[in-house]
Amino acid sequence: MIISTTGIEGKKILEYKGIVFGEVVAGVNMFKDMAAGFRNIFGGRASSYEGELTQAREDALAEMMARASERGANAIIGVKMDYETNGMLMVTCSGTAVVLES
């Protein structure tokens, strides 16, 4: 379970396992860059970038959960995400790995 709040109603946190991170840096190909450039001029949604962003976000969350599992955690609380573009698409997330009661 991955959540942005600092607790889960009805669940007791048994142990804190520390901060975990997920990072993805993805290149977007030249053709998607050109298509997004046209969308920027003429308006509309850049669906090619939206797909890349969705995939990068899912990959970052999966990486963070894998790191939490390696520490023996079964959930991550207080999750924050950040996006940046600087020629590449960068997605980072962090949260606190915890063990919740079953």
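For the structure, see preceding data.
Residues numbered from 1 in each chain as written. Predicted model: local features only at pLDDT ≥ 70, side-chain atom pairs only at ≥ 80, totals over all residues. Heavy atoms only, no water.

**Quick look at the environment of Gly87**
What counts, and what does not: Think of it this way: any DSSP run of H or I at least four residues long counts as a helix, any run of E at least two long counts as a strand, and we number them from the N terminus.
In this structure, Gly87 sits in the loop between strand E2 (75–85) and strand E3 (89–100). Once the C-alpha coordinates of Gly87 and Ala26 are considered, the two residues, 61 residues apart in sequence, prove to be 9.5 Å apart.

**What to know about the pattern of salt bridges**
Opposite charge on two side chains permits them to pair, given that their charged atoms come into close proximity. Where we set the bar: A pairing counts as a salt bridge when a side-chain nitrogen of Lys or Arg comes within 4 Å of a carboxyl oxygen of Asp or Glu. Each residue's exposure class comes from its accessible area (1.4 Å probe, protein chains only) as a fraction of the maximum for that residue type: buried when under 20%, exposed when over 50%, partly exposed otherwise.
Per the stated rule, a full pass over the model turns up 3 salt bridges. For Lys17, the salt bridge identified is with Glu15, shortest N-O distance 2.9 Å. The salt bridge involving Glu63 is made with Arg67; its shortest N-O contact spans 3.3 Å. In this pair, Glu63 and Arg67 both sit in helix H2 (residues 47–70), 4 residues apart, roughly one turn of the helix. The exposure class of Arg67 is partly exposed, given its relative accessible area of 33%. One network of salt bridges, with partners in common, ties together Glu23, Glu63 and Arg67.

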